[in-house]
Amino acid sequence: MKIHFKIPYYTYWGQRLLVSGNIPELGNGDIEKALKLNFQSPEDWYAEVDVKSEVPVELNYKYILYTEQNDQYVEEWGNDRQLSLDPAKIDHFFCVDVWNSPGSQENVFLTAPFEEVLLHHDHFTAKSKTIVKYTHLFKVKMPMLKKNEVLCLIGDCEALGNWSTHKPILLNQTEGNWWTTEVDLSKSKVDVHYKYGVYDPEINKFRYFETGPDRTAPVLNSKKTFVQLSDGFVRISNNSWKGAGVGLPVFSIRTKKSFGVGDFGDMKLFVDWAEKVGLKLIQVLPLNDTIGTHTDADVLPYAAISAFALNPLFLNLPATGKLPASHPLQKDYNSMQEELNAKDLISFLDVINYKLEYARELFLMQKAKFLAKKEFKAFFAENEFWLVPYAAYCLLRDKFGTPDYRKWDDFAIYDSENMKEFSSPTQPHYDDIAVNYFIQYHLHVQLSEAAAYAHEHGVVLKGDIPIGVNRNSVDTWVSPELFHMHMQAGAPPDMFSVKGQNWELPTYNWDEIERTGFDWWKKRFSQMSNYFDTFRIDHILGFFRIWQIPINQVEGIMGHLNPSIPIYMNEFTDKGLWFDYNRFCKPYITDTILKNLFGEDTAWVKANCLQIEDGWVLRLKTGYQSQSDVEKLYSDGLITESVKWGLFDLISNVLFFEVEGSHGTQFYPRFGMDTLSSYNDLDVYTRERLRELYVDYFYRRQDAKWYQSGMEKLPALKRATNMMICGEDLGMMTACVTTAMKELGILSLEVQRAPKSSKIEFFHPSNAPYLSVVTPSTHDMSTIRGWWEEDRGVTQRFYNSQLGHWGEAPYFCDWWICRDIILQHLYSPAMWTIFQMQDLLSLSEEIRRPNPHDERINVPSNSMFSWRYRVHINMEDLLEKDEFNDELRNYIIQSGR
């Protein structure tokens, strides 16, 4: 039995197509042993293979693009090319296929939010005629069909109706997303031309043909020969669907029954409101457990102690159970709830401490019954790989009084066998282990119920995957080999943080992660898919390159890009420069600089922090040479805060960082070097040549390397989930990131006040690509109203150039200005527009909060004092604001969303 593969694909020199499958002739799934197709014309590839089998074969296969230049394999999207072949009935099987690009926007409509909620409906099933003999199987996809529509097939032969639209062949949705029909074309003597169309079976009316030229089906007229035409997607415009959503952290939801913080139970009322006004999506911040220190520092949602465990902060206590009325915690419940819920901001420690104590008492009361529960046992079996180490971590964290597992004596290094014994039910401390099982189980049940409730009401949930994990997390304890623990992730300086950002999270060891087949990341996505339909990848740039800061530095400005092509020693020579290591790579210190930085403290700094080398050169003493050294001196009370910041600036007054292990031959330029006194004190020729190297490093030479870096990770991760993926692609953007996201069908994020081009001041929502999310603000920014008051010059230019109004801009952001901005986003061509809840409430002078500066969720440069925002109005009361709700719903409906 011979199988013939034919597929059109335009390739460049050095590229070729392969076909891989689950039979030996196609490599048994080994890409490097896949069958090579032969080039026939600029857009045609063909191969045939003789399958030696006397029994029926179930074949799964896919096409792969191989690029010789970088030894890169790119798989087409999907795993749904399946054949059932019987060699007793077939001599030749022809597969005429179309490449399924991951970037096809039609594939986005086959992801979970659309398949399971937004476009989920049962289609009409055509009455199939019994066909004794058929020669061709037609297969095609069209995810955007309406409930009363089916696909039909019409062509230029008798079997296909001779182009008549009165009685077309109706297709059935049989194999997943495929619409199929079997046709006997044995009477045709030449190749058949055909097209797909849309038909309404309820009124027996043909609607329309697909666009584009006729398709062609080869007619072979040979016995025991079969042709399968997998035609990809019907050629119909699929950019008409648009949706609107709202973003709000779960902790910010306020209901009359909230316990001082929004929880998973409160999400249902938020869903009710979203449905009422016509919003199809709710976006939340990360929900993972962040309790590492039992201090206010644990409020930060982007520093989770586990990539899998949910945060007990979101536990709804009444849904978990009720303590006896005589119990002190139960007696205090109503008064505590009333007191905490009346607060404007989250009283984090009061809330979390009460919830943990309450949950523990509930567990001790229900222990035997809970541990024997069938549903819990199923949950435990499915999640044991992360649940057991997480529960042990929580116990050891509290026992040793620190999340730093390096200080846990015999438990500093994780050992799975020892941990199994440590977590055994026979241990005297088992209650302290199992209480975490109890809490995580109930969090899982409550969030699952909230997700199911949202789906029932036509609303999808969008989660958030942080780029990193806490340095002292379960994940780094259990699998330290997956991380670079001597480095910290962050971001270079930008409009939000002039010194850059240091997130204090370890960076990833991608080589080791790839060696494991991305197992940890795949499990992470699988866990998220239990609750979410779509998710946002926080800082997607990190999959291409990360801003990496050595562990002995504090400020983001001390980082460099990784991976990146450094500047080599010979490049300085090529520019006519002598590389002065001490001048370029050590802090540049002069008396003028010292006076500017330290003022009256200059003499003290010179006497205590500096030393003289080579007779006259000022250098930092040992103990003052890194920012972490200086930070410790400050925390110990040995230097003042002003001296600390001055020393930070002195340490960062360098032009280049030496690449670790390069022995003085490779260097990273310090970001923003042209603003430094070290740079400005150089002669003009040297400054100009260094500037050329700087620009080349940051903006030119890295694209190909970063593209390859991203494409080594993201395709494998995207294949691991059917959730819709959105990338937070803000920051120091490069063309390679945009290209890769388009090729993979990952939605971009477009923020009006943060354009990706340095040539424009604002991004207009009308210029957004279809596969994108547009928004006027994010949780890391001020709201529309808060931003309006920050800079009068910026506001004035925005008012005139973006809103199209004449004259002077109002000082305060009146409701009609907010309306104009929101309408711009609603009428954008982007698939999604998502608004912060605060921005939507700003439409009403009655409902909006009096002071817009009380509405900001996070200030990136000061995250320790962020993440406590609560909506000022109860969801129950908001649901009753008919005038506001009707107005917002009307805006959404009129915009086609």
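Each value, and the rule that gives it
Counting restarts for each chain, with residues numbered from 1 along the sequence as it is written. The predicted origin of the model limits local features to residues at a pLDDT of at least 70 and limits the giving and counting of side-chain atom pairs to 80 or more, whereas totals for whole chains, interfaces and linings rest on all residues. Side-chain measures were taken over the full set of non-hydrogen atoms in the model, leaving aside hydrogen atoms and water. A fitted line through C-alpha atoms serves as each axis, taken over the contacting stretch for helices, and the angle formed by two N-to-C directions is quoted from 0 to 180°. A helix here means a DSSP run of H or I that spans at least four residues, while a strand means a run of E at least two residues long, and both kinds are numbered starting from the N terminus. Should an angle fall under 35 degrees it is taken as roughly parallel, and over 145 as roughly antiparallel, whereas 65 to 115 is taken as roughly perpendicular and any remaining angle as oblique. The crossing is said to be left-handed when, going from far helix to near helix, the turn is anticlockwise and less than a right angle, and right-handed when the turn is clockwise. Two residues form a contact once any of their heavy atoms are found within 4.5 Å. Pairing between two strands requires that DSSP report at least two bridges joining them. Using a 1 Å grid laid over the protein atoms alone, points where a 1.4 Å probe fits but cannot get out form a cavity; open sets with protein on both sides within 12 Å along at least 5 of 7 lines form a pocket; any residue with an atom within 4 Å of a point counts as lining. Grid points are joined across faces, edges and corners, and a volume is the space filled by probe spheres set on the points. In the scheme used here, Gly and all other residues not listed as nonpolar or charged are polar, with Ala, Val, Leu, Ile, Met, Phe, Trp, Tyr, Cys and Pro taken as nonpolar and Asp, Glu, Lys and Arg as charged.

1. Considerations on the packing of helix α3 (residues 267–277) against helix α9 (residues 430–456)
Part 1 of the reasoning: For the pair α3 and α9, interaxial distance at closest approach is 9 Å and the crossing angle is 15 degrees. As judged from the angle between their axes, α3 and α9 are roughly parallel. Crossing handedness for the pair α3 and α9: right-handed. Residue-level contacts link Met267, Lys268, Val271 and Asp272 of α3 to Leu447, Glu449, Ala450, Tyr453 and Ala454 of α9.

2. Focus on the sheet that holds strand β21 (residues 460–465)
Part 1 of the reasoning: With parallel pairing, the eight strands of this open sheet are ordered in space as β32-β24-β21-β20-β19-β35-β34-β33. Looking at which strands have only one partner, the edges of the open sheet turn out to be β32 (724–727) and β33 (748–751). Each strand of the sheet is rotated relative to its neighbour by a mean of 25 degrees, with strand direction disregarded.
Part 2 of the reasoning: Examined bridge by bridge, β21 and strand β24 (residues 534–537) share four bridges and lie parallel to one another. Each residue of the ladder has a partner; that of glycine 463, found in β24, is phenylalanine 535.

3. Observations concerning the pairing of strand β5 (residues 44–50)
Part 1 of the reasoning: Of the pairings in the sheet, the one linking strand β1 (residues 2–8) to β5 comprises seven bridges and is antiparallel in character. Across the sheet, the residue bridging to histidine 4 is glutamate 48, located in β5.
Part 2 of the reasoning: Where strand β4 (residues 38–41) and β5 come together, three bridges link them in antiparallel fashion. What sits directly across from serine 41, in β5, is aspartate 44.
Part 3 of the reasoning: Two successive antiparallel strands, β4 and β5, enclose a turn made up of two residues.

4. Notes on the sheet that holds strand β27 (residues 567–568)
Part 1 of the reasoning: In space, the three strands of this open sheet follow the order β27-β31-β30, with antiparallel pairing throughout. A single partner strand is all that each edge strand has here, and the edge strands are β27 and β30 (656–658).
Part 2 of the reasoning: Examined bridge by bridge, β30 and strand β31 (residues 666–669) share three bridges and lie antiparallel to one another. Residue pairing for β31: phenylalanine 657 is matched across the bridge by tyrosine 668.
Part 3 of the reasoning: Each of β27, β30 and β31 is contacted by helix α20 (residues 684–699), which is oriented at about 85 degrees to β31, the strand it contacts most.

5. Comments concerning empty space enclosed by the protein
Part 1 of the reasoning: One pass over the full model with this rule turns up eight cavities of 30 Å³ or more.
Part 2 of the reasoning: Looking at the largest cavity, its volume works out to about 160 Å³.
Part 3 of the reasoning: As for the largest cavity, its lining consists of 17 residues, of which Leu287, Asn288, Leu310, Met528 and Phe532 are closest to the centre.
Part 4 of the reasoning: Elements that contribute at least two residues to the lining of the largest cavity include exactly β21 and α12 (519–529).
Part 5 of the reasoning: Tallied by class, residues from the lining of the largest cavity come to twelve nonpolar, three polar and two charged.
Part 6 of the reasoning: A volume near 90 Å³ is recorded for the second largest cavity.
Part 7 of the reasoning: Along its surface, the second largest cavity is lined by 13 residues, and Phe251, Val299, Pro301, Asn311 and Leu313 are the ones closest to its centre.
Part 8 of the reasoning: Split into classes, the residues belonging to the lining of the second largest cavity amount to nine nonpolar, three polar and one charged.

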